[in-house]
Amino acid sequence: ETGVTQTPRHLVMGMTNKKSLKCEQHLGHNAMYWYKQSAKKPLELMFVYSLEERVENNSVPSRFSPECPNSSHLFLHLHTLQPEDSALYLCASSRQTGGWQNTEAFFGQGTRLTVV
Amino acid sequence: TQLLEQSPQFLSIQEGENLTVYCNSSSVFSSLQWYRQEPGEGPVLLVTVVTGGEVKKLKRLTFQFGDARKDSSLHITAAQPGDTGLYLCAGANAGGTSYGKLTFGQGTILTVHP
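Starting from 1, residues in each chain are numbered consecutively following that chain's sequence as written. Labels are handed out in written order, letters beginning with A for the chains and numbers beginning with 1 for the ligands. Where local features are concerned, this predicted model is filtered to residues with pLDDT of at least 70; where side-chain atom pairs are given and counted, the filter is 80 or more; whole-chain, interface and lining totals use all residues. The side-chain quantities take in all heavy atoms of the structure and omit both hydrogens and water.

Caption draft 1: Geometry of the sheet that holds strand β8 (residues 73-79) of chain A. Residue and element names in this part refer to chain A. One bridge is not enough; two strands pair if DSSP finds at least two bridges between them. Helix and strand assignments come from DSSP, with helices taken as H or I runs of at least 4 residues and strands as E runs of at least 2, each series counted from the N terminus. Pairing within the open sheet is antiparallel, and its 4 strands lie in the order β1-β3-β8-β7. Two strands close off the open sheet at either side, each with one partner strand: β1 (4-7) and β7 (64-70). Taking each pair of neighbouring strands and ignoring which way they run, the sheet shows an average axis angle of 20°. Judged from the 7 bridges that link them, strand β3 (residues 18-25) and β8 form a sheet pairing that is antiparallel. In the sheet register, Leu-21 faces β8, and the bridge partner there is Leu-76. Interaxial angles span 0 to 180 degrees and are taken between N-to-C directions of axes, which are lines fitted to C-alpha atoms, for helices over the stretch in contact.

Caption draft 2: Molecular detail of the interface of chain A and chain B. Any pair of residues with heavy atoms lying within 4.5 Å of one another is described as a contacting pair. Taken together, the contact pairs 23 residues of chain A with 26 residues of chain B. Both faces combined, the contact of chain A with chain B buries some 1900 Å², and carbon together with sulfur accounts for 56% of it. Salt bridges are defined as contacts in which a side-chain nitrogen from Lys or Arg sits within 4 Å of a carboxyl oxygen from Asp or Glu. Where chain A meets chain B, there are 1 salt bridge. Between Glu41(B) and Arg9(A) there is a salt bridge, with the nearest N and O atoms lying 3.8 Å from each other. Here a polar contact is taken to be a pair of N or O atoms separated by no more than 3.5 Å, where protein atoms must pair a possible hydrogen donor with a possible acceptor and residues adjacent in sequence count only if both atoms sit in side chains. If you look at where chain A meets chain B, you find 6 residue pairs in polar contact (both at pLDDT 80 or more). Among the secondary structure elements, those contributing two or more residues to the side of chain A that touches chain B are β4 (31-37), β5 (44-50), β6 (53-57) and β9 (87-94) of chain A. In the side of chain A that touches chain B, the residues fall into 12 nonpolar, 8 polar and 3 charged. Buried area is calculated as the accessible area (1.4 Å probe) missing from two parts once they are joined, with the contributions of both summed. Only Asp, Glu, Lys and Arg are considered charged, only Ala, Val, Leu, Ile, Met, Phe, Trp, Tyr, Cys and Pro nonpolar, and every remaining residue, Gly among them, polar.

Caption draft 3: Fine view of the pairing of strand β11 (residues 111-115) of chain A. Residues and elements named next belong to chain A. On β11, burial follows the alternation: Thr-111, Leu-113 and Val-115 on one face are buried, whereas Arg-112 and Thr-114 on the facing-out side are not. Bridging between strand β2 (residues 10-13) and β11 involves 4 bridges; their strand directions are parallel. Residue pairing for β11: His-10 is matched across the bridge by Arg-112. Relative to β11, β9 runs antiparallel, the two sharing 3 bridges. Bridge assignment links Leu-88 to a residue of β11, and that residue is Arg-112. For every residue, the accessible area (1.4 Å probe, protein chains only) is compared with the maximum for its type, and the residue is labelled buried under 20%, exposed over 50%, or partly exposed between those bounds.

Caption draft 4: The arrangement of the sheet that holds strand β1 (residues 5-7) of chain B in detail. Residue and element names in this part refer to chain B. The strand order across the open sheet built from 5 strands is β1-β3-β8-β7-β6, with neighbouring strands paired in antiparallel fashion. The open sheet has two free edges, formed respectively by β1 and β6 (55-58), since each of these has just one partner strand. Ignoring which end each strand starts from, the neighbouring axes of this sheet average 15° apart. Here 4 bridges tie β6 to strand β7 (residues 61-65), and the two strands are oriented antiparallel to one another. Note that in β7 the partner of Lys-56 across the bridge is Phe-63.

The values reported here are purely geometric and, on their own, carry no functional implication.
In C-alpha cells form, the structure reads like this:
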C-alpha cells in the first residue's frame, strides 16, 4: 500500500469548472503539504498544514483552496483556474520531531492537471 | 529567500560511466535531501544528510553534505539504465516555524543509455 495516495491521477478541467484533488496518507504523519511542479521550474510549496491547522499559504491565488479535515486527509479545491495553472500537483506528508529537525517528506504520485 | 542551484540540468551518459550532480546554495540548511522522480510519479526520498561533511552511500550512489551545510553532491558509479530519472535536491530548516518546508533545486534529468 502506497504511503501517500492522491486522486485523481489525471484531471482535465475547463476554466469555469470546480474540482477537488484528494490526498490521503497512511503513515501516521502530522503535517501535510501541497506542492506544484511546473515544467522548467523547481517544486513550489503552496500550503502547509501542521496538526490540521494551516500554517503557511505561500502567496497562492484564492482560486486554490486547501482543506485538511483530519491528519490523514488533505484536499485542494480548484475553481476558475487558468491555463497556466496546468501542472503536476503533489501532496506530501511528514512527521514533526523535535522542532522539525531533519524532516523528511513522503510524496504521493501526483495529479496531472490540465486546464483548457 | 533561500535558493538551491542544481547542476547540470541535463545529463546524458552511457551505461557504465560515472557522474556527479551538484546542489549549491548561499544559505545554510539544517539538512539536505535527495529525491529521485520518474515520469508520472512523485519524488521518492533517497537519502537525508544532516551533518556538515557527512558522506552516505546507497549502493552505487554516494551523497555528500558540504562542511558548511550549504552544498551537496550526488555521485553515481557505473551508471545503469535503471538510474534514469529526475534527481532533486531539497533543503530543510529546523525550528518551530519551519514546519518541514522544503526548498527544491531545479532538478537534474539523467538519461543512461544501454
